[in-house]
Amino acid sequence: QSLSLHSIYLALLAHRMDSEEIEGCITRLKMPGWATRVLRDTLHIMESVPSMEALDILPSEIYRMLKPLIPEVIASAAITSNSPTVQERLEIFLYNWRYVKPEITGTDLQKMGVSPGKQLGEILKALHDARLNQTVTNRDEEEILTRKLL
């Protein structure tokens, strides 16, 4: 997937703005939807960056922080961050973590007797987190974890 340079440039310009400046810019310049999203995502990621430096933060926690944001904003945050740790984690998200998926699917869980609903979603989330955190690395380990969760 290629990234939009327009979005990256806008995020780079906005990375030092506070929420009042961003909202004022959106209103005064009548920003289109894509630009509004870039600016608000930039604000969100700049507020989240300090927590990404924690040594004990799990990949799954970083994933949940970054997943709703557009990749261009994450790339620009990696460029502007002064922390090698944050830069590395943002790049790992962009090139690895955002593509991680468990091998077991919702259909597989239904075949194992799990009804569609909240429990199925919770198991899929737990499997995804385990994959991200590398506590499971293959389908057999996912099946063992699934049995523990049932």
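Remember, it's a predicted structure, so these values are computed and weren't measured experimentally. Residue numbers run consecutively from 1 along every chain, following the written order of its sequence. This being a predicted model, a pLDDT of at least 70 is required before a residue's local features are given, and a value of 80 or more before pairs of side-chain atoms are given or counted; all residues contribute to the totals for chains, interfaces and linings. Excluded from the side-chain calculation are hydrogens and water; included are all heavy atoms of the structure.

Observations concerning the overall build of the protein
Then, number 1: Secondary structure summary: the protein contains 9 helices and 0 strands in total.
Then, number 2: With respect to the principal axes defined by its C-alpha atoms, the protein has extents near 55 × 30 × 25 Å.
Then, number 3: Relative to its full complement of 150 residues, the protein shows a buried share of 45%.
Then, number 4: A sequence separation of at least 24 residues applies to 63% of the contacts in the protein between residues at least 6 apart.
Then, number 5: Within the structure as shown, the protein displays about 8,900 Å² of accessible surface, and the carbon and sulfur contribution to it stands at 54%.
Then, number 6: Neither His nor the chain ends contribute to the count of charged residues, in which Lys and Arg are positive and Asp and Glu negative. Every charge is mapped to an atom, namely NZ of Lys, CZ of Arg, CG of Asp or CD of Glu. Within the protein, one finds 17 positive and 20 negative side-chain charges whose respective centroids are separated by 5 Å. Counting from the N terminus, the helices are the DSSP runs of H or I reaching at least four residues and the strands are the DSSP runs of E reaching at least two. Per-residue accessibility, obtained with a 1.4 Å probe over protein chains only, is compared with the maximum for each type, and a residue is labelled buried under 20%, exposed over 50%, and partly exposed between these values. Whether two residues are in contact is decided by their heavy atoms, any of which lying within 4.5 Å being enough. Surface accessibility in these figures is a Shrake-Rupley result with a 1.4 Å probe; residues are shielded only by whichever protein chains are displayed.

Describing the packing of helix H1 (residues 5–14) against helix H3 (residues 33–48)
Then, number 1: To get an axis, fit a line to the C-alpha atoms, keeping to the stretch in contact for a helix; angles then go from 0 to 180 degrees between the N-to-C directions. Interaxial distance between H1 and H3 falls to 9 Å at its minimum, and their mutual angle equals 45°. As the angle between them shows, H1 and H3 are arranged oblique. Between H1 and H3 lies a crossing of right-handed hand. Across the interface between the two elements, His-6, Ser-7, Leu-10, Ala-11 and Ala-14 from H1 touch Trp-34, Ala-35, Val-38, Leu-39 and Thr-42 from H3.
Then, number 2: Polar here means any residue outside two lists: the nonpolar Ala, Val, Leu, Ile, Met, Phe, Trp, Tyr, Cys and Pro, and the charged Asp, Glu, Lys and Arg; Gly therefore counts as polar. A per-class count over the contact of H1 with H3 returns 7 nonpolar, 3 polar and no charged. Angles are sorted into four bins: roughly parallel if under 35 degrees, roughly antiparallel if over 145, roughly perpendicular if 65 to 115, and oblique for all others. Handedness of a crossing follows from how the near helix is turned relative to the far one, being left-handed for an anticlockwise turn of less than a right angle and right-handed for a clockwise one.

Side note on the packing of aromatic side chains
Then, number 1: We call Phe, Tyr and Trp rings a pair once their centres come within 6.5 Å, taking the six-membered ring for Trp, and we label the pair stacked below 30 degrees between planes, edge-to-face above 60, and tilted otherwise. Applying the stated rule across the entire model yields 1 aromatic pair.
Then, number 2: Measuring from centroid to centroid gives 5.9 Å for Tyr-63 and Phe-93, while their planes differ by 50°, and the two rings are tilted. Taken as a pair, Tyr-63 in helix H4 (residues 59–66) and Phe-93 in helix H6 (residues 84–95) lie far apart in primary sequence, 30 residues in all.
Then, number 3: By relative accessible area, Tyr-63 is classed as buried at 10%.

As for the environment of Gln-87
Then, number 1: For Gln-87, the location among the structural elements is in helix H6.
Then, number 2: Along the chain, Gln-87 and Leu-69 lie 18 residues apart, while their C-alpha atoms are 16 Å from each other.

Some words on the nonpolar core
Then, number 1: The definition of a nonpolar core used throughout is a set of buried Ala, Val, Leu, Ile, Met, Phe, Trp, Tyr and Cys residues joined through side-chain atoms within 4.5 Å. Within the largest apolar cluster, 33 residues are counted, with the highest numbers of intra-cluster contacts made by Leu-39, Ile-45, Met-52, Leu-66, Ile-74 and Leu-90.
Then, number 2: Within the residue set of this core, elements represented by two or more residues are H1, helix H2 (19–28), H3, H4, helix H5 (71–80) and H6.
Then, number 3: Not counting chain neighbours up to four residues away, the residues in contact with Ile-45 comprise Met-52, Leu-66, Leu-69, Val-73, Ile-74, Ala-77 and Leu-90.
Then, number 4: Counting 6 residues, the second-largest nonpolar core is a separate cluster that includes Ile-104, Leu-109, Val-114 and Ile-123.

Some words on the pattern of salt bridges
Then, number 1: Should a side-chain nitrogen of Lys or Arg be within 4 Å of a carboxyl oxygen of Asp or Glu, the pair is scored as a salt bridge. In this structure the tally under the stated criterion is 10 salt bridges.
Then, number 2: Here Glu-122 makes a salt bridge to Lys-118, at a shortest N to O gap of 3.9 Å. Of this pair, Glu-122 and Lys-118 both sit in helix H8 (residues 118–132), 4 residues apart, which is roughly one turn of the helix.
Then, number 3: Overall, Glu-122 belongs to the partly exposed group, its relative accessible area being 45%.
Then, number 4: We note a salt bridge from Glu-142 to Arg-131, for which the minimum N-O separation is 2.6 Å. With a gap of 11 residues between them, Glu-142 in helix H9 (residues 139–149) and Arg-131 in helix H8 connect regions that are remote in the sequence.
Then, number 5: Look at Arg-131 and you get buried, because its relative accessible area is 15%.
Then, number 6: Sharing partners across several salt bridges, the network here consists of Asp-108, Arg-139, Glu-143 and Arg-147.

That is the geometry; function is a separate question.
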